Amino acid sequence: MHAKSSGISRMERNWGIIFALPPILGLLCFTLYPVAASFFYSLTNWSIGSDWKMVGFDNYKTLFTGDPLFQKSLYATSYYALGSVPIGLIVAFTVAMLLNQKVKGLSIFRTIFYLPTIVPSIANTILWLWIFNPDFGLLNSMLKSVGLPTSQWVYHESTAIPSLIMMSSWSVGNTILIFLAGLQGVPSHLYEAVEVDGGSRWHKFWHITLPCMTPTIFFNLVMSLIGTFQAFNQAYVMTEGGPNNSTLFYVYYLYRKAFTESKIGYASALAWVLFIIIMTLTLIVFKSSKRWVHYEEGGR
């Protein structure tokens, strides 16, 4: 009996290993190996089509001391993130609260607000390129119709990033969906308790909704922060980093170094600096979460 049970356990273990091999191999081949290879290449001067040699941390030194475009791209990306992350969260949270109300045709409204998210990113970018057109674009046409001054939008250095920040609030459907799920998970008896105590809608929001939603806000904050620091399509399709490198987002600059100038070693160093920046910001948010994120259980 013991030999039979041990044979079954061995067979189950072997089948478990067999079924686990594909994802493990995928992780090793398509994630861990590229990560390790990129760090190795960041220590070389490798360019596509030429020999390479080890240069140590020279690429990193050049980034911080002799590459003004690196600083420009870091500034543009940080500017974009500081604007788009809070605005996107506020817009998504506000819309989610509206979509959480019991009104007629609610499913239609939810579909409408989620539709921009399922539009392909490139198509979405081209659509906004037309909206931002200073000559016949939708926004300037609306401004002209009410007698307000027009703008150059993404075609001028001073308004390019603010225009892209405004554009980013268009496709927050996924964030809205997560906020909506969080709102529907707020216990209804807490609202009833506030009503019994004579509280207003503001009291419900400030003392019940907002504290209960802090875990969801925390999740969306981290994901939005990571996503905005990897912005690429806007610069690649709409502006090509211009005007005057004002929209030279970090990932687009990395792409140019790797696939336009063929400097794989330098681009790998850029990638690792970006990884460190995102990891540092994420750790800061995680560290600060102990002060403002409230969980229903766990003593926070």
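Data block above holds the structure.
As the structure is a computational prediction, the values presented were derived from the model and not from experiment.

J.: Is there a simple way to explain unusual backbone geometry in this structure?
T.: Note: most residues except glycine have negative phi, and most peptide bonds are trans. A cis amide bond links glycine 242 with the next residue in sequence, proline 243, at an omega value of -10°. Counting through the fold element by element, proline 243 comes out in the loop between α11 (233-239) and α12 (250-260). The backbone phi angle of glutamate 240 is positive, close to 55°, even though this residue is not glycine. A residue is classified by how much of its surface remains accessible, and glutamate 240, at 55% relative accessible area, is exposed. Within the chain, asparagine 245 stands out as a residue other than glycine whose phi angle is a positive 60°. With respect to the helices and strands, asparagine 245 occurs in the loop between α11 and α12.

J.: Please explain the packing of helix α3 (residues 68-99) against helix α10 (residues 201-228) as it appears in this structure.
T.: Each pair of packed helices can be summarised by the angle the axes make with each other and by the distance between the axes. Two numbers describe how α3 lies on α10: the axes approach to 10 Å, and their chain directions differ by 140°. Judged by the inter-axis angle, α3 sits oblique to α10. For the pair α3 and α10, the crossing hand works out as right-handed. Across from Thr77, Tyr80, Ala81, Ser84, Val85, Leu89, Phe93 and Met97 in α3, the residues of α10 making contact are Phe205, Thr209, Met213, Asn220, Leu221, Ser224, Leu225 and Thr228.

J.: Which parts of the structure should I look at to understand the packing of aromatic side chains?
T.: Aromatic rings considered in pairs are described by the distance between their centres and by the relative angle of their planes. Throughout the structure, instances matching the rule amount to 27 aromatic pairs. Residues tyrosine 75 and tyrosine 79 carry aromatic rings whose centres are separated by 6.0 Å and whose planes lie at 40° to one another, so their mutual orientation is tilted. Here tyrosine 75 pairs with tyrosine 79, and both are found in helix α3, just four residues apart, close to one helical turn. What makes tyrosine 75 exposed here is its relative accessible area of 57%. For tyrosine 79, a relative accessible area of 33% puts it in the partly exposed group.

Here is what the cut-offs are and how they apply
- Residues numbered from 1 in each chain as written.
- Predicted model: local features only at pLDDT ≥ 70, side-chain atom pairs only at ≥ 80, totals over all residues.
- Heavy atoms only, no water.
- Helix = DSSP H or I, 4+ residues; strand = E, 2+ residues; numbered from the N terminus.
- Buried < 20%, exposed > 50% of the residue type's maximum accessible area, 1.4 Å probe, protein only.
- Axes fitted to C-alpha atoms, helices over the stretch in contact; angles between N-to-C directions.
- Parallel < 35°, antiparallel > 145°, perpendicular 65-115°, else oblique.
- Left-handed = near helix turned anticlockwise from the far one by under 90°.
- Contact = heavy atoms within 4.5 Å.
- Phe/Tyr/Trp six-rings, centres within 6.5 Å; stacked < 30°, edge-to-face > 60°.

These values are about where atoms sit, not about what they do.
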